[in-house]
Amino acid sequence: MDVAVNAGQPARMAFTYRVPSDMPVAAGQAVFVPFGPRVLQGIVLNEREPADAEGIRDITAIADDQPVLDAEHIALARWMSEHYLAPLWDCVAPCLPSGYGQKSVVMVSPVDVPPLLPVYPKDRKILSHLAAHGRVTLEALREAVGTVSMPTLQRLQAAGHLSFAQGLARPAGHMKMEQRVRPLRNPEALRAEAGHREADGRTSVAARILRLLAEEGEVTLTRARELGATPKHLGELADEGWLERRAEQVWRDPIAGRRFGSPGALQLSPDQQAVADYVAERPGETFLLHGVTGSGKTEVYLDLVARTLDAGKSAIVLVPEISLTPQAIRRYGERFGETLTVFHSGLNTGELFDQWHRVKAGHSRLVLGSRSAIFAPAQDLGLVVIDEEHEFSYKQSDPPPRYHARDAAAELSRLTGATLVLGSATPDIVTYHAAETGAISRVQLTERLQPSPDGEHQPGKLPRITVVDMREELRIGNRSVFSFALRRAVNLALAAGEQAILFVNRRGSARFILCRDCGFMPECPGCRVTMSLDMRESIHAKLVCHYCGRSRKLEDRCPRCDSPRYRPFGVGTQRIEMEAREQFPGARVARWDSDVAKRKGSHERIVRALEAGEIDIVVGTQMLAKGLDLPEMTVVGVVDADVGLGLPDYRAHERTFQLLSQVAGRAGRRERAGFVYFQTYQPESPPIVCAAEHDYRSFYEYEIAHRRIAAYPPFSRLLKLMYRNTNEEAALQEAARVAEEIRIARDAAGRWEPEVLGPTPSYIARLRGEYRFQLVLRGREPAHGLQGIRLGERWTVDVDPVSLL
């Protein structure tokens, strides 16, 4: 049998094992297998018997009676490993329940720690730590005392001071069990027995327990203990036949207890109905649903989900960010609450573990979540919807596999025969090109809609977008971060009881600090990037690196030349929040970025406050730009529309256009008109011009012409290789070696591709103390260029990267 083994090494192949004759094993089952001197966890991938069994070792034991993976997810994992050049186990793991994997660990235990510790400093540290903490993992021991070699452990074991052995860590995911007490007699009998015990003067605790069971029926053990119940009391009552103790599984459901309102009948507009009918009549196909912001794409999704569930099948709906899920949960929960399951990174391991099993058992047939929800074990999958399919957050960056959820969904849909719907107002250029060339089907919603009180839809208007040339603002003396037009619009909205968004796609208070005399800019010592100003502390401003988290106090004067002209430049969300409070006194201002939304449930609390009208102005980053539907939001101000335009990445203009179009789409989604202001120093830039005119087609034609000339996707595929090392010269030498080997192998085979670009320093040339150099392979199948090329563990491979930065 072929087995994917959790060996902790980058193996892209399965390992072959023999099945003992008395061990029934099926594909998809979890097993334990010998691997060198260790016993490791694995997943059986097929039931193929090896042609030559000589030297092949037996499977040690079955870990789970029932298969955890079906044939479709086994095939999906194999495809991901091959397509993304990723370790096979890393591709199997996302399909398993959260916390299911068991890592191989070495446990180190004290045996006889001498009172007089050895003279060697390392030995002293090891034995002192074991004496203080007892049995620990080798990983924890190394974190505490530094490098610990196996020869050192062997020497100390031979001396009788410690012992060590290999084992498997306990899975982090497991069922939660609750101890309960259940009555075995009717309430009248329980009350009568309690009365007899009280009359006889016997223990009052037993009488209280009996009365509790008579009044409340089955209770938790915790509730019984509140009345003084001990194991002795409960044991005696159980022996007499009055009650029994039992364990019951508790389902950890993140949306349990949530009350969903009544949605009313789903009424589609004629255009929406036509789109839904067209998709439903062509099961198993892939569709691009291109609809302007506010055109009702979600209503089409809801209709398609309802049809899928009515047919007895399951559906998966992906949203790009955790920030979208509060409103999405409500929309889908109102209609499909009983069968809805949620997957996203904000859930803990236990919640994800239970949700996986609910879906696997068929109790939940609608999965809603972010990127990783595509791997949920939906039974008889009939529909996959990817909302805002253009979003970069659908691409996994680290750890491997560096998959794109859109591509994984396409492969899963192919394997299961499910319909795939890719929805967006600003589709990915590659996706739109696929629709243009007929590779996938395209359906369109060209008109914005607004719901009326009777549930019908009536035509709505797209927001009016004004491009503000900030060069002109400077000429007329406006030094504020807000243009005169934006300030006037926000004040009018506040006076009318409406809401406004102030959007800036950068955290912190300032982009960088600069000395105007010597030009000094403080850089992170571990990363070759300038540090941002953080004003969250009320007493001291800090300089912060948003990549490694390093921070330090901001100096009053330039550290290099002692000049007092050491000032912040640029703006971030913190600065805009402070400016908004000053410019619009009395307004209730809130900030929404990843700095303030780290705690569980924070996104939902912010959305709830916005919907309740408790926030007048919300300042935030791209979290605001995706899918929010707020009736009172009428003004959107993009404080710095130029952020990202000048980045050295082939998708910089596409990303800017998408971000501007999406954030503009938050304004005027009901009967009130929407007004949007793009503040820019480059008003003639095509992404800004096309976004201001709501003209996706013109932007596509501009961008696809550039891609065709430069041979970027969709006219080629890319593969990004990155090497990192603490030594800059060594990093460059290794990157140059691999680049040369790829070129030589390509030329020797008589091929003209892949084209090898680099090596060059990465956009962030040094990160967390490591220098980084990258190569880009470009061609029809760039991964073929890596055949036979030796790559070490410091290399990362990103197939079809969404960014070259």
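Structure report, in brief. (Residues numbered from 1 in each chain as written. Predicted model: local features only at pLDDT ≥ 70, side-chain atom pairs only at ≥ 80, totals over all residues. Heavy atoms only, no water.)

**Points about the overall build of the chain**
Step number 1: Helix and strand counts for the chain come out as 23 helices and 35 strands.
Step number 2: Taken over the C-alpha trace, the chain has a radius of gyration of 31 Å; the compact-globule value for 805 residues is 28 Å, and the two agree within 12%.
Step number 3: Along the first, second and third principal axes, the C-alpha set of the chain runs to 90 × 70 × 65 Å.
Step number 4: Evaluated residue by residue, the chain yields a buried proportion of 51% over its 805 residues.
Step number 5: Put simply, of all contacts in the chain between residues at least 6 apart along the chain, 74% involve residues at least 24 apart.
Step number 6: Surface exposure of the chain reaches about 36,500 Å², of which carbon and sulfur atoms provide 49%.
Step number 7: Seen as two clouds, the 102 positive and the 102 negative side-chain charges of the chain have centres 5 Å apart. (Helix = DSSP H or I, 4+ residues; strand = E, 2+ residues; numbered from the N terminus. Rg over C-alpha atoms; globule rule 2.2 N^0.38 Å. Buried < 20%, exposed > 50% of the residue type's maximum accessible area, 1.4 Å probe, protein only. Contact = heavy atoms within 4.5 Å. Areas by Shrake-Rupley, 256 points an atom, 1.4 Å probe, with all protein chains shown as cover. Lys, Arg positive; Asp, Glu negative; His and termini not counted. Charge placed at Lys NZ, Arg CZ, Asp CG, Glu CD.)

**Here's the deal with the packing of helix α1 (residues 71–83) against helix α14 (residues 405–416)**
A pair of packed helices can be characterised by two numbers: the angle between their axes and the separation between those axes.
Step number 1: For the pair α1 and α14, interaxial distance at closest approach is 10 Å and the crossing angle is 140°. The angle between the axes of α1 and α14 places the two elements in the oblique class. For the pair α1 and α14, the crossing hand works out as right-handed. Taken together, the residues of α14 that come into contact with α1 (itself represented by Glu72, His73, Ala75, Leu76 and Trp79) are Asp407, Ala408, Glu411, Leu412, Leu415 and Thr416.
Step number 2: Considered class by class, the residues forming the contact of α1 with α14 number six nonpolar, two polar and three charged. (Axes fitted to C-alpha atoms, helices over the stretch in contact; angles between N-to-C directions. Parallel < 35°, antiparallel > 145°, perpendicular 65-115°, else oblique. Left-handed = near helix turned anticlockwise from the far one by under 90°. Nonpolar A, V, L, I, M, F, W, Y, C, P; charged D, E, K, R; others polar.)

**Overview of the sheet that holds strand β7 (residues 136–137)**
Step number 1: The three strands lie next to each other as β7-β6-β8, forming an open sheet whose pairing is antiparallel. Where the open sheet ends on each side, the last strands, each with one partner, are β7 and β8 (162–168).
Step number 2: Of the strand pairs in this sheet, strand β6 (residues 104–110) and β7 are connected by two bridges, and their pairing is antiparallel. Across the sheet, the residue bridging to Met107 is Thr137, located in β7. (Pairing = 2+ DSSP bridges.)

**Structural notes on the state of the cysteines**
Step number 1: Under the defined criterion, the tally for this structure stands at zero disulfides.
Step number 2: The thiol of Cys95 is not disulfide-bonded; the next cysteine sulfur, from Cys91, is found 8.5 Å away.
Step number 3: Looking at Cys95, the relative accessible area reads 1%, which means it is buried. (Disulfide = S-S within 2.5 Å.)

**A closer look at the pattern of salt bridges**
Step number 1: Evaluation of the coordinates by the stated rule reveals 56 salt bridges.
Step number 2: Note that Glu684 and Arg471 form a salt bridge whose closest N and O atoms lie 3.9 Å from each other. Of this pair, Glu684 sits in the loop between β31 (675–680) and α21 (686–692) while Arg471 sits in helix α16 (residues 470–475), and the two are 213 residues apart along the sequence.
Step number 3: Judged by its relative accessible area of 33%, Arg471 is partly exposed.
Step number 4: For Glu781, the salt bridge is made with Arg717, and the minimal N-O distance between the two is 3.0 Å. (Salt bridge = Lys/Arg side-chain N within 4 Å of Asp/Glu carboxyl O.)

**Digging into the packing of helix α6 (residues 187–200) against helix α7 (residues 204–216)**
Step number 1: At a closest axis distance of 8 Å, the pairing of α6 and α7 adopts a crossing angle of 160°. As judged from the angle between their axes, α6 and α7 are roughly antiparallel. Considering how the two elements wind past one another, α6 and α7 form a crossing that is left-handed. Residues Pro187, Leu190, Arg191, Glu193, Ala194, Gly195, Arg197 and Glu198 of α6 lie in contact with α7, whose contacting residues are Ala206, Ala207, Leu210, Arg211, Leu213, Ala214 and Glu215.
Step number 2: For the contact of α6 with α7, the class distribution of residues is eight nonpolar, one polar and six charged.

**So, the environment of Met175**
Step number 1: Within the secondary structure, Met175 sits in the loop between β8 and β9 (176–183).
Step number 2: By relative accessible area, Met175 is classed as partly exposed at 46%.
Step number 3: Beyond its immediate stretch of four places on either side in the chain, Met175 contacts Gln249, Arg252 and Phe353.

**Some points on the packing of aromatic side chains**
Step number 1: What the rule picks out here adds up to 14 aromatic pairs.
Step number 2: Taken together, the ring pairs in this structure connect Tyr432, Phe657, Tyr696, Phe699, Tyr700 and Tyr702 into an aromatic cluster.
Step number 3: Above the plane of the ring of Tyr712 lies Arg778, whose end atom (NZ or CZ) is 5.0 Å from the centre. (Phe/Tyr/Trp six-rings, centres within 6.5 Å; stacked < 30°, edge-to-face > 60°. Lys NZ or Arg CZ within 6 Å of the ring centre and 35° of its normal.)

**Section: the environment of Glu240**
Step number 1: Its place among the elements puts Glu240 in the loop between α9 (231–239) and β11 (243–250).
Step number 2: By relative accessible area, Glu240 is classed as partly exposed at 40%.
Step number 3: Reaching out from Glu240, the side chain makes a polar contact with the side chain of Trp242 at a distance of 3.5 Å. (Polar contact = N/O pair within 3.5 Å; in protein donor to acceptor, adjacent residues only side chain to side chain.)

**Some points on the sheet that holds strand β13 (residues 314–318)**
Step number 1: Overall, parallel pairing links the seven strands, which are arranged β14-β15-β13-β16-β17-β12-β18 in an open sheet. Both edges of this open sheet fall to β14 (340–343) and β18 (441–445), since each of them pairs with a single strand only. Pairwise comparison of adjacent strand axes, ignoring direction, gives a mean angle of 20° for this sheet.
Step number 2: Where strand β16 (residues 381–387) lies against strand β17 (residues 419–424), five bridges are found, and the strand directions are parallel. The residue of β17 that forms the bridge with Val384 is Leu420.

**Some words on the side chain of Glu703**
Step number 1: Here Glu703 lies in helix α22 (residues 696–710).
Step number 2: Excluding residues within four positions of it along the chain, Glu703 makes contact with Ile429, Tyr650 and His653.

**Quick word on the side chain of Glu579**
Step number 1: If you trace the backbone, Glu579 turns up in helix α18 (residues 573–583).
Step number 2: Looking at Glu579, the relative accessible area reads 16%, which means it is buried.
Step number 3: In contact with Glu579, not counting residues within four places along its chain, are Val481 and Phe482.

**Quick look at α6**
Step number 1: Over its 14 residues, α6 extends 20 Å from the first C-alpha to the last, a length consistent with the 20 Å expected when each residue adds 1.5 Å.
Step number 2: Taken as a whole, α6 has its buried residues at Leu190, Glu193, Ala194 and Arg197. Burial along α6 is one-sided: seen end-on, the buried residues are contained in an arc of 100°. Summarising the geometry of α6, the exposed residues directed more than 90 degrees from the buried face are Glu188 and Ala199.
Step number 3: On its buried face, α6 is in contact with β9, α7 and α9.
Step number 4: The residue sitting at the N-terminus of α6 and contributing the capping side-chain oxygen is Asn186; that oxygen lies 3.2 Å from the backbone nitrogen of Glu188. (Expected span 1.5 Å × (residues − 1). Arc of directions from axis to C-beta.)

**Regarding unusual backbone geometry**
Step number 1: Each neighbour pair has its own omega, and for Pro713 with Pro714 the value is 15°, a cis peptide bond.
Step number 2: Residue Asp562 is not a glycine yet carries a positive backbone phi of 65°.
Step number 3: By the secondary structure assignment, Asp562 is in the loop between β26 (551–553) and β27 (566–569).
Step number 4: Overall, the relative accessible area of 46% leaves Asp562 in the partly exposed class.

**Quick word on the nonpolar core**
Step number 1: Judged by nonpolar contacts, the single largest core of 63 residues is most densely connected at Val92 and Leu721.
Step number 2: Looking at this core element by element, the count peaks at five residues for helix α23 (residues 728–748).
Step number 3: Apart from the residues within four sequence positions on either side, Val92 is in contact with Ala4, Ile43, Leu45, Leu69 and Ala77. (Core = buried A, V, L, I, M, F, W, Y, C linked by side-chain atoms within 4.5 Å.)

Any functional reading would require information that these geometric values do not contain.
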